[in-house]
Amino acid sequence: MPRVFSGIQPTGDPHIGNLFGAMKNYVRLGEQYGKNSLYCVVDLHAITNPASHDPSRLAERTFEMAVANFAVGLDPDKVVFFAQSQVPEHFELNWIFTSLTPVGELERMTQYKDKSAELESVPAGLLMYPVLMAADILLYKADTVPVGEDQTQHIELTREIARKFNHLYGETFPEPQAVYAKDALRIPGVDGHGKMGKSKGETSTLGILEPLDSIWQKIRVAPTDPARVRRTDPGDPDKCLIGDYHKLFSDLPTIETVYQGCRTAGIGCVDCKKLLMEGVRRELTPIQERAADLRADPDRVRGALEQGAKEARAIARPVIEEVREKVGFLKR
Ligand code: TYM
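Since the structure is predicted, the reported quantities are computational estimates derived from the model, not experimental observations.

**Description of the overall build of the protein**
A tally of helices and strands in the protein yields 13 helices and 5 strands. Counting only C-alpha atoms and orienting by the principal axes, one finds that the protein spans roughly 75 × 45 × 40 Å. Looking at the 332 residues of the protein, the share that counts as buried comes to 40%. Intrachain contacts of the protein at a sequence separation of at least 6 include 74% that bridge at least 24 residues.

Rendered as structure tokens:
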């Protein structure tokens, strides 16, 4: 049976890019593979970003990220769901992999280049970020990794690290494959500036748990096809953010109506946005209701994370023992 692993950073509120690009696949694969699917709030990764150096905020965001995932449909009794820092074996395997990975390869990672370019002082952890990701995945010998397209290069590096370890120390790890949501590879930000991203701030994101009024305010002013200067100008829905979002939230008849309407100038952008908002409301309302119930019982959420960490460690420990022996560390 496949072993599934994925992680999500508690660096901001989870957004619809996370939802359609990754979290829906967590739920789907979780239903298929049960306790053979592991999902993790990667707080160790989060602290590679100086913006996360606020202890109470980090703890709160880790909690909120668990709430969001449970609200979307991951059942902690059926899958393994935990916080990365509660499973210290991640640190251990990370160090071993750090020692196998050339700095040059890490410097070539596009996410590293983008993120480091924005910082005055670059933490070494940001460079090592993909190594820790490889440790996350291979610690459970996972072969299936549901992610958005932006993680492709990191998964490729994970495969290289697995190959290198296997070559040096004998066959140990699988070479994991990414699994993408084919209709949601790279959801654009609502401000029209590239990919929707937690670290880009609230102007880019539509939060899964964001109040619907606030979501509407962002959609209302979101850019549309620039060719439609006047209401009577025909547009191209394939070049429009709102057209992209309709594909995520609306049913087929609505999509056909707005696409046709846009091309023939039969529908105005405001009406098109209102129709989109109906789909958003339908999708997010039940999630937000479940999140409110979960927040009302924080001990249950924390208890689920502790239980998840126990289950994860039960899988991770024998792998670490095997790795230690192969590397040549003395028994402890
Ligand atoms: P993170 O927290 O940035 O994002 C979580 C997941 O959401 C996907 N995603 C998107 N998909 C489509 N369109 C978007 N606009 C969009 N924005 C984000 C991401 O691809 C990701 O799958 N490095 C990872 C966390 C991680 C991890 C791992 C993932 C740590 N260890 C091990 C897989 C396996 C990250 O930054 O996710």
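**Comments concerning the domain arrangement of the protein**
Domain boundaries in the protein define domain 1 (4-187 + 297-327) and domain 2 (211-290). For domain 1 versus domain 2, the separation of C-alpha centres amounts to 33 Å. Contacts between the two partners involve 6 residues from domain 1 and, on the opposite side, 4 residues from domain 2. For the side of domain 1 that touches domain 2, the secondary-structure elements that each account for two or more residues are helix H1 (16-33) and helix H3 (55-72).

**Comments concerning the packing of helix H4 (residues 89-98) against helix H13 (residues 298-327)**
It is at 10 Å that the axes of H4 and H13 come closest, and there the two elements cross at 30 degrees. Classed by the angle they form, the pair H4 and H13 counts as roughly parallel. Crossing of H4 against H13: the hand is left-handed. Between H4 and H13, the residues in contact are Glu 89, Glu 92, Leu 93 and Ile 96 and Arg 313, Ala 316, Arg 317, Ile 320, Val 323 and Val 327, respectively.

**A few points about the site of the ligand**
Taken together, 25 residues lie near the ligand, and Gly 7, Gln 9, Gly 17, Gly 21 and Gly 148 sit nearest. Sorting the residues of the shell around the ligand by element identifies strand S1 (4-8), H1 and helix H7 (124-138) as the ones contributing at least two each. Classifying every residue of the shell around the ligand gives 11 nonpolar, 10 polar and 4 charged.

**Re the environment of Pro 253**
Tracing the sequence through the fold places Pro 253 in helix H11 (residues 252-263). Put simply, Pro 253 and Leu 294 are 41 residues apart on the chain and 34 Å apart in space, counted from C-alpha to C-alpha.

**Remarks on helix H10 (residues 241-249)**
Burial analysis of H10 places 7 of its 9 residues in the buried class, the great majority of the element. Listed in full, the buried residues belonging to H10 are Leu 241, Ile 242, Gly 243, Tyr 245, His 246, Leu 248 and Phe 249. Against H1, H11 and helix H12 (269-295) lie the buried residues of H10.

Conventions we followed
- Residues numbered from 1 in each chain as written.
- Predicted model: local features only at pLDDT ≥ 70, side-chain atom pairs only at ≥ 80, totals over all residues.
- Helix = DSSP H or I, 4+ residues; strand = E, 2+ residues; numbered from the N terminus.
- Buried ≥ 20, exposed ≤ 12 C-beta atoms within 10 Å, placed from the backbone.
- Contact = placed C-beta atoms within 7 Å.
- Domains from an automatic or database assignment.
- Axes fitted to C-alpha atoms, helices over the stretch in contact; angles between N-to-C directions.
- Parallel < 35°, antiparallel > 145°, perpendicular 65-115°, else oblique.
- Left-handed = near helix turned anticlockwise from the far one by under 90°.
- Near = placed C-beta within 6 Å.
- Nonpolar A, V, L, I, M, F, W, Y, C, P; charged D, E, K, R; others polar.

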